[in-house]
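Residues per chain are reported as follows:
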Amino acid sequence: MAELIDGKALAKEVRAEVKTRAEAFAAKHGRAPGLHVVLVGEDPASQVYVRNKQRAAGKAGIAGEVHRLPAETTEADLLALIAELNAAPGIDGILVQLPLPDHLDDQTIVDAIDPEKDVDGLHPFNAGLLFVGRHGLRPCTPSGCMRMLEHVGCNPKGKRALVLGRSTLVGKPIALMLLEKHATVTIAHSRTEDLAERVGEADIVVAAVGRAELVQGDWIKKGAVVIDVGINRLEDGSLTGDVDFGGASKHASYITPVPGGVGPMTIAMLLSNTVDAAEARTR
Ligand code: NAP
């Protein structure tokens, strides 16, 4: 049976590290690292995410506020707020909660964030730094996945990794991070043929699709490490991942649960990025 990779416990460790660093930063600079979150509209899931991020930031010694804007906010008004946050010296991180309402283009707004304050790591400048293998702010979810692999002693070097999904948010950046660590990476997506075979070859499987239990348990190679990024809500209201957890647990060496796996790590890495940004800006 696979061992569980406990995202909650590991996230707690990361948040404790962040708190120590945030306190050291505050002692040196006379202010806490600052994270400002922008939430446009009333999307209930986004409201929950933002509340959780704000609470976690406060507990980790990170200051800041949430800017709640009405759903009908214009692009010009949103860009004006971002320009203000970019210019404020005490703000180290800016996060615009996505997705934005339909009349606003996510990428246009993300492009307006100062890359040095882009703690979500989604600005094309930071994506470019990751592409060329240089230091920069990296997307939180894939960074959290890498930290989980490290935690269980899974060194990607020479291993076959299968990333399911090719989004800018998760699939592409985690594929680059695994490649940087010398894995042999395959990226699968909705047009991939023989998906079961591709999964079956992998020593590391990262599933970031958004289809409940798409990855069947008996596809998993014996001893593989399985990181399930997917969050899918079932009709009964419960959450499940992209991997059949029960079936995959019989074959994998390590597996992340949903919930309690990658999710908590994403927030922890956001806080870590905020302190990274604060330190880099004041260096
Ligand atoms: P996304 O932008 O919708 O991308 C989904 C990817 O899955 C696409 O590349 C798509 O392929 C691929 N795909 C769809 N159906 C497929 C199929 N039947 N077989 C193979 N590939 C398929 O999603 P995302 O933003 O990357 O998020 C993925 C999942 O992770 C979602 O459940 C999301 O809620 C979750 N998530 C969790 C966290 C966390 O903190 N735990 C953070 C971010 C996202 P094409 O490119 O060909 O369309």
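## Some thoughts on the packing of helix 6 (residues 140-151) against helix 7 (residues 171-180)
Then comes step 1: Relative to each other, helix 6 and helix 7 sit at 40 degrees, their axes nearing to 9 Å. In this structure, helix 6 meets helix 7 at a crossing whose hand is right-handed. Facing Pro 142, Ser 143, Cys 145, Met 146 and Leu 149 of helix 6, the residues of helix 7 in contact are Pro 173, Ile 174, Met 177 and Leu 178.
Then comes step 2: Residues of the contact of helix 6 with helix 7, tallied by class, amount to eight nonpolar, one polar and no charged.

## Let's talk about the pattern of salt bridges
Then comes step 1: On inspection of all chains with the given rule, the structure shows 11 salt bridges.
Then comes step 2: Among the salt bridges present, the one from Glu 201 reaches Arg 160, with a minimum N-O distance of 3.9 Å. Within this pair, whereas Glu 201 is found in the loop between helix 8 (195-200) and strand 7 (204-207), its partner Arg 160 is found in strand 5 (residues 160-164), the two being separated by 41 residues in sequence.
Then comes step 3: On the accessibility criterion, Arg 160 (45% relative accessible area) is partly exposed.
Then comes step 4: The partner of Lys 221 in a salt bridge is Asp 203, and the shortest N-O contact between them spans 2.7 Å. One end of the pair, Lys 221, is in the loop between strand 7 and strand 8 (225-228); the other, Asp 203, is in the loop between helix 8 and strand 7, with 18 residues separating them in the sequence.
Then comes step 5: Given a relative accessible area of 21%, Asp 203 falls into the partly exposed group.

## Here's the deal with the side chain of Asn 86
Then comes step 1: Tracing the sequence through the fold places Asn 86 in helix 3 (residues 75-87).
Then comes step 2: Those residues in contact with Asn 86 that sit more than four places away from it in its chain are Ile 94, Ala 112, Ile 113, Asp 114 and Lys 117.

## What about helix 6?
Side chains that are three or four residues apart share a direction in an α-helix, a result of its 3.6 residues per turn.
Then comes step 1: With 12 residues, helix 6 should cover 16 Å at 1.5 Å per step; its first-to-last C-alpha distance of 16 Å lies within 8% of that length.
Then comes step 2: Of all the 12 residues making up helix 6, nine are buried; the element is thus mostly covered by neighbouring parts of the structure.
Then comes step 3: For helix 6, every residue scored as buried is listed here: Cys 140, Thr 141, Pro 142, Ser 143, Gly 144, Cys 145, Met 146, Met 148 and Leu 149.
Then comes step 4: Buried positions along helix 6 lie against helix 1 (7-29), helix 7, strand 7, strand 8 and helix 10 (262-282).

## Notes on the site of the ligand
Then comes step 1: What surrounds the ligand is a group of 21 residues, the closest being Arg 166, Ser 167, Ser 190, Ile 231 and Thr 266.
Then comes step 2: Within the backbone of Ile 231, an N or O atom sits 3.0 Å from an oxygen atom of the ligand.
Then comes step 3: When the free accessible area of the ligand is taken as 930 Å², the share hidden by the protein chains comes to 72%.
Then comes step 4: Ranked by residue count, the leading element in the shell around the ligand is helix 10, at three residues.
Then comes step 5: Broken down by class, the residue content of the shell around the ligand amounts to nine nonpolar, nine polar and three charged.

## Thoughts on a positive patch on the surface
Then comes step 1: On the surface, a cluster of positive charge is contributed by Lys 12, Arg 15, Arg 51, Arg 55, Lys 59 and Arg 68.
Then comes step 2: Counting only elements with at least two residues in the positive patch, the list comes to helix 1 and helix 2 (44-59).
Then comes step 3: With three residues, helix 2 is the largest single contributor of residues to the positive patch.
Then comes step 4: Here Arg 15 is to be found in helix 1.
Then comes step 5: According to the relative accessible area criterion, Arg 15 is partly exposed, its value standing at 30%.

## As for the layout of surface pockets
Then comes step 1: A volume near 890 Å³ is recorded for the second largest pocket.
Then comes step 2: Lining the second largest pocket are 32 residues, with His 135, Gly 136, Arg 138, Asn 273 and Asp 276 sitting closest to its centre.
Then comes step 3: When contributions to the lining of the second largest pocket are tallied by element, the ones reaching two or more residues are helix 1, helix 5 (124-131), helix 6, helix 7 and helix 10.
Then comes step 4: The class makeup of the residues in the lining of the second largest pocket is 14 nonpolar, six polar and 12 charged.

Calculation criteria
All residue numbers refer to positions counted from 1 along the written sequence of the respective chain. It should be noted that, the model being predicted, local features are given only for residues of pLDDT at least 70 and side-chain atom pairs only at 80 or more, the latter also being counted only at that level, while totals for whole chains, interfaces and linings use all residues. Excluding hydrogens and water, the side-chain figures rest on all heavy atoms present in the structure. To get an axis, fit a line to the C-alpha atoms, keeping to the stretch in contact for a helix; angles then go from 0 to 180 degrees between the N-to-C directions. Secondary structure is summarised from DSSP: a helix means a run of H or I of at least four residues, a strand means a run of E of at least two, and numbering begins at the N terminus for each. Left-handed is the label given to a crossing in which the near helix is rotated counterclockwise from the far helix by less than a right angle, and right-handed is the label when the rotation is clockwise. Contact between two residues is taken to exist if any of their heavy atoms lie within 4.5 Å; hydrogens are not considered. As a working rule, the residues Ala, Val, Leu, Ile, Met, Phe, Trp, Tyr, Cys and Pro are called nonpolar, Asp, Glu, Lys and Arg charged, and the rest polar, with Gly in that last group. A pairing counts as a salt bridge when a side-chain nitrogen of Lys or Arg comes within 4 Å of a carboxyl oxygen of Asp or Glu. For every residue, the accessible area (1.4 Å probe, protein chains only) is compared with the maximum for its type, and the residue is labelled buried under 20%, exposed over 50%, or partly exposed between those bounds. Given the number of residues in a helix, its expected span is that number minus one, multiplied by 1.5 Å. By convention in this text, a residue qualifies as near a molecule or strand provided that one of its non-hydrogen atoms is within 4 Å of it. Within 3.5 Å is the distance limit for a polar contact, defined as a pair of N or O atoms, with the added protein rule that one can donate a hydrogen and the other accept it, and that residues adjacent in sequence qualify only through two side-chain atoms. Values of accessible area rely on a 1.4 Å probe in the Shrake-Rupley scheme; residue burial ignores everything except the protein chains shown. To count toward a patch, a residue needs a relative accessible area over 30% and no salt bridge; like charges are then connected within 9 Å, while nonpolar side chains (Val, Leu, Ile, Met, Phe, Trp, Tyr) are connected within 5 Å. Asp and Glu count as negative and Lys and Arg as positive, but His and the ends of the chain are not part of the count. Here the site of a charge means NZ on Lys, CZ on Arg, CG on Asp, or CD on Glu. Cavities and pockets are found on a 1 Å grid laid over the protein atoms alone: a cavity is a set of points where a 1.4 Å probe fits but cannot escape, a pocket is an open set with protein on both sides within 12 Å along at least five of seven lines, and a lining residue has an atom within 4 Å of such a point. Grid points are joined across faces, edges and corners, and a volume is the space filled by probe spheres set on the points.

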